[in-house]
Amino acid sequence: GQQVMQIPQYQHVQEGEDFTTYCNSSTTLSNIQWYKQRPGGHPVFLIQLVKSGEVKKQKRLTFQFGEAKKNSSLHITATQTTDVGTYFCARPSGGSYIPTFGRGTSLIVHP
Amino acid sequence: DTGVSQDPRHKITKRGQNVTFRCDPISEHNRLYWYRQTLGQGPEFLTYFQNEAQLEKSRLLSDRFSAERPKGSFSTLEIQRTEQGDSAMYLCASSSGGMWQFFGPGTRLTVL
């Protein structure tokens, strides 16, 4: 299935700074999912976006789905050391809509 | 604990040996997925079951890999004649219908 492109691959921030990662597709998406993987851990589901232009918030995390449903972003306000990890977006692929993951953005937060 | 479990958590084997991993999904989930993840990469799809039926297999899945889900509950992934390139984290995930996935802790395979 087609991949999604995530940028940046790595991001270093000072604790308290904001962070944004972007997920881009060349084709229209029916939905987009976001997962977080802590170092040494496994991916944990964060959210699913379905509607064009949708914005969802989870505490300091804001997720956005583009109007054309070809891109999505995750923004973290005032990062904390607990935000460290790799953030993946995943698009459905194939007839069974199997999540296909991007390469992820690794967030490193310096105290 | 009612999450996805995987066994073993770590496996070290010599090249050419066969290995088998087990995944126990969340009990009410009818879908089960196997992924492989290497350092710096996202999970890479291998195969997918709906109940006991294996509905999709990645083209990446060579004929040395076989997966089963005999009773629609737990699943096994076997790799025959392991190669060093098979070294990776093997992740199992389950879901209900087409919803988001719950991942297990993974089995880390090292082929010497």
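Residues numbered from 1 in each chain as written. Chains lettered and ligands numbered in written order. Predicted model: local features only at pLDDT ≥ 70, side-chain atom pairs only at ≥ 80, totals over all residues. Heavy atoms only, no water.

**Student:** For this particular structure, what's the right way to read the packing of aromatic side chains?
**Tutor:** Geometrically, a pair of aromatic rings is defined through the distance of the ring centres and the angle of the planes. If you walk through the whole model with that rule in mind, you get 15 aromatic pairs over all chains. Relative to A:Phe101, the ring of A:Phe88 has its centre 6.2 Å away and its plane inclined at 85 degrees; by these criteria the two rings are edge-to-face. Taken together, the residues span a long stretch of sequence, with A:Phe88 in strand E9 (residues 85-93) and A:Phe101 in strand E10 (residues 98-101) at a distance of 13 residues. Here A:Phe88 falls in the buried class, since its relative accessible area comes to 1%. For A:Phe101, a relative accessible area of 2% corresponds to the buried category. Members of the aromatic cluster, connected to one another through ring pairs, are A:Tyr35, A:Phe45, A:Phe88, A:Phe101, B:Tyr33, B:Tyr35, B:Phe45, B:Tyr48, B:Trp100 and B:Phe103. The residue whose ring lies beneath B:Arg22 is B:Phe74, and the NZ or CZ to ring-centre distance is 3.9 Å. (Phe/Tyr/Trp six-rings, centres within 6.5 Å; stacked < 30°, edge-to-face > 60°. Helix = DSSP H or I, 4+ residues; strand = E, 2+ residues; numbered from the N terminus. Buried < 20%, exposed > 50% of the residue type's maximum accessible area, 1.4 Å probe, protein only. Lys NZ or Arg CZ within 6 Å of the ring centre and 35° of its normal.)

**Student:** Would you take a moment to explain the state of the cysteines for this structure?
**Tutor:** Put plainly, a disulfide is one covalent bond tying together the sulfur atoms of two cysteines. Inspection of every chain in the model, using the stated rule, returns two disulfides over all chains. Two residues share a disulfide in this structure: A:Cys23 and A:Cys89, whose sulfurs sit 2.0 Å from each other. A torsion of 80 degrees about the S-S bond marks the disulfide between A:Cys23 and A:Cys89 as right-handed. With A:Cys23 in strand E3 (residues 19-24) and A:Cys89 in strand E9, the pair connects residues that are 66 residues apart, well separated along the chain. One disulfide bridge connects B:Cys23 with B:Cys92, the sulfur atoms lying 1.8 Å from each other. The sign of the S-S torsion, about -65 degrees, decides the handedness of the disulfide formed by B:Cys23 and B:Cys92: left-handed. Remark: B:Cys92 occurs in strand E9 (residues 88-95) and B:Cys23 occurs in strand E3 (residues 19-24); sequence separation between them is 69 residues. (Disulfide = S-S within 2.5 Å.)

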